[in-house]
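Inside the fold
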Amino acid sequence: MNPTQACIRVHNWVLNVDDRRHRGGHGRSPSALLSGNQVLGMAKSNTTDAKALIRSLRSAYAATPISLKIIDLYVVYAITTAVIQVVYMGIVGSFPFNSFLSGVLSCVGTAVLAVCLRIQVNKENKEFKDLPPERAFADFVLCNLVLHLVIMNFLG
């Protein structure tokens with residue numbers, strides 16, 4: 001049995017169980033069963049939709065200014081560092097739990113502050129049009145300083 005046939009059997013079984021639950025019967029509803037071609041057609045349309053979505057996102061992101069792309073890279077770096085710390089904690093253990101929490105919260109907090117900076121620096125955002133980018137960056141630095149002072153205090 002190939003994977004498509006297995007998917008069809010599982011789909012039909014689920015519909016059959018659901019049909020019994022609602023009607024109180026024991027038979028299959030012929031209108032609820034899918035053929036193999038219908039499942040393959042749905043899979044192909046989902047794949048083409050996903051490819052079209054990725055293509056449109058890539059073309060829209062190509063028009064993004066370089067300063068916003070740098071901030072996006074910093075956010076990805078911070079989140080990746082947090083994920084690495086969580087994986088490390090899962091493998092090795094979390095003996096100094098305050099250190100683990102401080103590291104992860106530092107990464108996540110910095111990523112959140114960077115997203116706020118990105119929102120404020122974005123020229124297309126009408127809400128912050130009167131805010132100069134230098135002021136937004138100064139707010140980012142000050143908030144990061146406060147965040148890391150709290151994290152250092154949490155370490156003990």
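See above for the structure.
In this text, all values refer to a predicted model and were calculated from it rather than measured experimentally. (Residues numbered from 1 in each chain as written. Predicted model: local features only at pLDDT ≥ 70, side-chain atom pairs only at ≥ 80, totals over all residues. Heavy atoms only, no water.)

This part is about the overall build of the chain. Check the secondary structure of the chain and you find five helices and zero strands. Its helices and strands taken in sequence order, the chain reads α-α-α-α-α from the N to the C terminus. Residues classed as buried in the chain amount to 21% of the 156 residues present. Within the chain, counting contacts between residues at least 6 apart in sequence, those at least 24 apart form 55% of the total. Put simply, the chain shows about 11,600 Å² of open surface, and 68% of that area lies on carbon and sulfur atoms. (Helix = DSSP H or I, 4+ residues; strand = E, 2+ residues; numbered from the N terminus. Buried < 20%, exposed > 50% of the residue type's maximum accessible area, 1.4 Å probe, protein only. Contact = heavy atoms within 4.5 Å. Areas by Shrake-Rupley, 256 points an atom, 1.4 Å probe, with all protein chains shown as cover.)

Let's shift gears to a nonpolar patch on the surface. A grouping of Ile-79, Val-83, Val-87, Tyr-88, Ile-91, Val-92, Val-108 and Val-112 is seen on the molecular surface, where their side chains present a nonpolar patch of about 750 Å² in accessible area. Within the residue set of the nonpolar patch, elements represented by two or more residues are helix 3 (66–92) and helix 4 (97–121). Considering each element in turn, the nonpolar patch owes the most residues, six residues, to helix 3. (Patch = residues over 30% accessible without salt bridge, like charges linked within 9 Å, V, L, I, M, F, W, Y side chains within 5 Å. Salt bridge = Lys/Arg side-chain N within 4 Å of Asp/Glu carboxyl O.)

On to the packing of aromatic side chains, then. In this structure the tally under the stated criterion is three aromatic pairs. Ring plane angle 85° and centroid distance 6.4 Å describe the contact between Tyr-74 and Phe-140, whose orientation is recorded as edge-to-face. Here Tyr-74 is found in helix 3, whereas its partner Phe-140 is found in helix 5 (residues 133–155), with 66 residues between them in sequence. The interplanar angle of 40° and the centroid separation of 5.7 Å between the aromatic rings of Phe-97 and Phe-100 together place this pair among those described as tilted. Taken together, the residues Phe-97 and Phe-100, both in helix 4 and three residues apart, mark about one turn of the helix. A relative accessible area of 41% places Phe-97 in the partly exposed class. (Phe/Tyr/Trp six-rings, centres within 6.5 Å; stacked < 30°, edge-to-face > 60°.)

This model, assessed by the stated rule, comprises zero disulfides. Looking at the unpaired Cys-143, the closest cysteine sulfur is the one in Cys-116, lying at 8.1 Å. Of the residues examined, Cys-143 reaches a relative accessible area of 37% and is grouped as partly exposed. (Disulfide = S-S within 2.5 Å.)

Let's shift gears to the pattern of salt bridges. In total, this model carries two salt bridges according to the counting rule given. Of the charged contacts, one joins Asp-72 and Arg-118 as a salt bridge, the two residues approaching to 2.5 Å between their closest N and O atoms. Remark: Arg-118 occurs in helix 4 and Asp-72 occurs in helix 3; sequence separation between them is 46 residues. Between Asp-139 and Arg-135 there is a salt bridge; the shortest N-O distance is 3.3 Å. Taken as a pair, Asp-139 and Arg-135 lie in helix 5 at a separation of four residues, close to a single helical turn. Asp-139 sits in the partly exposed class, given a relative accessible area of 25%.

Below, the discussion takes up the packing of helix 3 against helix 4. In contact at an axis separation of 9 Å, helix 3 and helix 4 are set at 165° when each is read in the N-to-C sense. Considered as vectors, helix 3 and helix 4 are oriented roughly antiparallel to each other. Seen from above, helix 3 lies across helix 4 with left-handed handedness. Contacts from Leu-68, Ile-71, Asp-72, Tyr-74, Val-75, Ala-78, Ile-79, Thr-81, Ala-82, Gln-85, Val-86 and Met-89 of helix 3 reach helix 4 at Phe-100, Gly-103, Val-104, Cys-107, Val-108, Thr-110, Ala-111, Ala-114, Val-115, Leu-117, Arg-118 and Val-121. Residue classes in the contact of helix 3 with helix 4 are distributed as 18 nonpolar, four polar and two charged. (Axes fitted to C-alpha atoms, helices over the stretch in contact; angles between N-to-C directions. Parallel < 35°, antiparallel > 145°, perpendicular 65-115°, else oblique. Left-handed = near helix turned anticlockwise from the far one by under 90°. Nonpolar A, V, L, I, M, F, W, Y, C, P; charged D, E, K, R; others polar.)

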